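Chains, contacts and geometry: an overview
Take a look at the letters that make up each chain.
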Amino acid sequence: KQLDILDSKVRFCGPVSGEAKNRAYLEADVCVIPSYSENFCIVVAEALSMGMPVIVSDSLAWGEVEARGCGLVVGNDPDSLAGAIYNISRMELSRMGVKGWQWMKQDYSWDTIAKEMANLYQLQLI
């Protein structure tokens, strides 16, 4: 509110689902997930699969986003998050989005998961 960016540049929309969630991902530039603890945190995978770069807290199991070039991993405090938002706004978001989408397709697509499960079952039969 002090920065006068609410509604014009930053929007806190609360929970969304279904088509509204898809629209929200497609309309946003970056998905920021300042969570203190979640196991897989499906929001990260959803955003990346929609081609959206992410900023995730270092409390999540998504530390690989930075190494893969599709987001930033930062401390979960206001200064770190603000700095990450500032920094990512000066990066090539579309290229980061493509890298995230490729990662999700490569490692988390149904084809990949099905092959991994089939391999696991075959190993159990041996």
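Residues numbered from 1 in each chain as written. Predicted model: local features only at pLDDT ≥ 70, side-chain atom pairs only at ≥ 80, totals over all residues. Heavy atoms only, no water.

1. As for the sheet that holds strand E2 (residues 54-57)
Taken in spatial order, the 3 strands line up as E1-E2-E3 in an open sheet, and their pairing is parallel. Of all the strands in the sheet, the pair left with one neighbour each is strand E1 (31-33) and strand E3 (71-74). Ignoring which end each strand starts from, the neighbouring axes of this sheet average 10 degrees apart. Strand direction decides the pairing type here: E1 and E2, joined by 3 bridges, are parallel. (Pairing = 2+ DSSP bridges. Helix = DSSP H or I, 4+ residues; strand = E, 2+ residues; numbered from the N terminus. Axes fitted to C-alpha atoms, helices over the stretch in contact; angles between N-to-C directions.)

2. Considerations on the packing of helix H2 (residues 42-49) against helix H5 (residues 93-108)
When two helices pack together, their arrangement is given by the angle between the helix axes and by the axis-to-axis distance. Across the interface, H2 lies against H5 with an axial gap of 7 Å and an inter-helix angle of 115 degrees. Comparing the axis directions of H2 and H5 gives the class roughly perpendicular. Of H5, the residues touching H2 (which contributes Ala45, Leu48 and Ser49) are Gly97, Gly100, Trp101, Trp103 and Met104. A class-by-class count of the residues in the contact of H2 with H5 yields 5 nonpolar, 3 polar and no charged. (Parallel < 35°, antiparallel > 145°, perpendicular 65-115°, else oblique. Contact = heavy atoms within 4.5 Å. Nonpolar A, V, L, I, M, F, W, Y, C, P; charged D, E, K, R; others polar.)

3. Regarding a nonpolar patch on the surface
On the surface, Phe40, Ile42, Val43 and Tyr108 cluster together into a nonpolar patch covering about 340 Å² of accessible area. By secondary structure assignment, the location of Ile42 is in helix H2. (Patch = residues over 30% accessible without salt bridge, like charges linked within 9 Å, V, L, I, M, F, W, Y side chains within 5 Å. Areas by Shrake-Rupley, 256 points an atom, 1.4 Å probe, with all protein chains shown as cover. Salt bridge = Lys/Arg side-chain N within 4 Å of Asp/Glu carboxyl O.)

4. Regarding the packing of aromatic side chains
The full count for this structure, using the stated rule, is 5 aromatic pairs. Ring geometry for Trp62 against Tyr108: centres 6.0 Å apart, planes inclined by 45 degrees, an arrangement best described as tilted. You can see Trp62 sitting in the loop between E2 and helix H3 (64-67) and its partner Tyr108 sitting in helix H5, a full 46 residues away along the chain. Among the aromatic side chains, those forming a connected cluster through ring pairs are Phe40, Trp62, Trp103 and Tyr108. (Phe/Tyr/Trp six-rings, centres within 6.5 Å; stacked < 30°, edge-to-face > 60°.)

5. Notes on the confidence of the model for the chain
On average, residues of the chain score 90 in pLDDT, and 98% of them are at 70 or above. Averaged pLDDT values over the elements of the chain bottom out at 86 in helix H6 (residues 110-125) and peak at 98 in E3. (pLDDT = per-residue confidence, 0-100.)

6. Quick look at the pattern of salt bridges
Counting across every chain of the model gives 3 salt bridges. A salt bridge links Lys21 to Glu46; its shortest N-O distance comes to 3.0 Å. Of this pair, Lys21 sits in helix H1 (residues 18-27) while Glu46 sits in helix H2, and the two are 25 residues apart along the sequence. Across the salt bridge formed by Arg68 and Glu64, the nearest N and O atoms sit 2.7 Å from each other. Taking the relative accessible area as the measure of exposure, Glu64 reaches 40% and is therefore partly exposed. (Buried < 20%, exposed > 50% of the residue type's maximum accessible area, 1.4 Å probe, protein only.)

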